Amino acid sequence: MVLATVAHCQTSKMDRLPFANLQVIPERLNLRKASFFDPDNFRDQRPANAHPGGAWDPELTEREWSHVELLVRRYGEDRETTVRAAQAEVARQHQAYLAALCQHTPPEQAA
């Protein structure tokens, strides 16, 4: 099945290559893609779970705490309300992820 899929790939420059969908990535794109990894502050680089250290861990990251402090200092927002709002947003993202995951689950695996 894989060979049939590969055999149907056609390109103008790479006619002789068996894997026509593979192309050379410019070095600048490759460097930019892998040059920044900070899972402590970016939830999208964490494992997809709600456990401590996961993408939907209710504990705010250092970066999120700095946003909370900015809102409190500069705009006079209430700290507790802002923290609860940030945690509620993380919970909404978690629920949206789970809902999307359930939509793509084959029926034989859902049971």
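Every value quoted in this text rests on a predicted model; they were computed, and no experiment measured them. (Residues numbered from 1 in each chain as written. Predicted model: local features only at pLDDT ≥ 70, side-chain atom pairs only at ≥ 80, totals over all residues. Heavy atoms only, no water.)

Caption draft 1: Region of the structure containing the overall build of the protein chain. For the protein chain, the helix and strand inventory stands at five helices and zero strands. Scanning the protein chain from its N terminus toward the C terminus, one meets helices and strands in the order α-α-α-α-α. A burial count over the protein chain gives 15% of its 111 residues as buried. Long-range pairs, those at least 24 residues apart, make up 17% of the contacts in the protein chain with a sequence separation of at least 6. Carbon and sulfur atoms form 57% of the exposed surface of the protein chain, whose accessible area is close to 9,400 Å². (Helix = DSSP H or I, 4+ residues; strand = E, 2+ residues; numbered from the N terminus. Buried < 20%, exposed > 50% of the residue type's maximum accessible area, 1.4 Å probe, protein only. Contact = heavy atoms within 4.5 Å. Areas by Shrake-Rupley, 256 points an atom, 1.4 Å probe, with all protein chains shown as cover.)

Caption draft 2: Broad picture of the confidence of the model for the protein chain. Residues with a pLDDT of 70 or more make up 60% of the protein chain, whose mean pLDDT is 74. Of the regions scoring below 50 in pLDDT, residues 1-20 engages in seven contacts with residues more than four places distant in sequence or in other chains. (pLDDT = per-residue confidence, 0-100.)

Caption draft 3: Inspection of the environment of Gly53 at higher detail. Here Gly53 lies in the loop between helix 2 (27-34) and helix 3 (62-75). Residue classification places Gly53 among the partly exposed positions, given a relative accessible area of 39%. Sequence separation between Gly53 and Asp40 is 13 residues, and the spatial gap between their C-alpha atoms is 7.9 Å. Residues within four places of Gly53 in sequence aside, it is in contact with Arg46 and Pro47.

Caption draft 4: Representation of the packing of aromatic side chains. If you walk through the whole model with that rule in mind, you get one aromatic pair. When the centroid spacing of 4.7 Å and the interplanar angle of 35 degrees are considered together, the rings of Trp56 and Tyr97 count as tilted. Here Tyr97 lies in helix 4 (residues 79-103) and Trp56 lies in the loop between helix 2 and helix 3, a separation of 41 residues in the sequence. Residue Trp56 is classed as buried on the basis of its relative accessible area of 12%. (Phe/Tyr/Trp six-rings, centres within 6.5 Å; stacked < 30°, edge-to-face > 60°.)

Caption draft 5: Main features of the pattern of salt bridges. Going through the model one piece at a time under the given rule, you end up with three salt bridges. When the shortest N-O distance is used, the salt bridge between Glu69 and Arg79 registers 2.7 Å. A residue pair is termed long-range when its members are at least 10 positions apart, and Glu69 in helix 3 and Arg79 in helix 4 qualify at ten residues. By relative accessible area, which is 25% here, Glu69 ends up partly exposed. In this structure Arg79 comes out as partly exposed when scored by relative accessible area, which is 34%. For Glu89, the salt bridge is made with Arg92, and the minimal N-O distance between the two is 2.8 Å. Taken together, the residues span about one helical turn, with Glu89 and Arg92 both in helix 4 at a distance of three residues. (Salt bridge = Lys/Arg side-chain N within 4 Å of Asp/Glu carboxyl O.)

Caption draft 6: Spatial organisation of the packing of helix 3 against helix 4. Following both chains from N to C, one finds helix 3 and helix 4 inclined at 140 degrees, their axes separated by 10 Å at the closest point. It follows that helix 3 is oblique to helix 4 by the angle criterion. The two elements helix 3 and helix 4 meet at a crossing, and its hand is right-handed. Of the residues in helix 4, those in contact with Trp65, Val68, Glu69, Leu71 and Val72 of helix 3 are Arg79, Thr82 and Val83. Of the residues that constitute the contact of helix 3 with helix 4, the class distribution is five nonpolar, one polar and two charged. (Axes fitted to C-alpha atoms, helices over the stretch in contact; angles between N-to-C directions. Parallel < 35°, antiparallel > 145°, perpendicular 65-115°, else oblique. Left-handed = near helix turned anticlockwise from the far one by under 90°. Nonpolar A, V, L, I, M, F, W, Y, C, P; charged D, E, K, R; others polar.)

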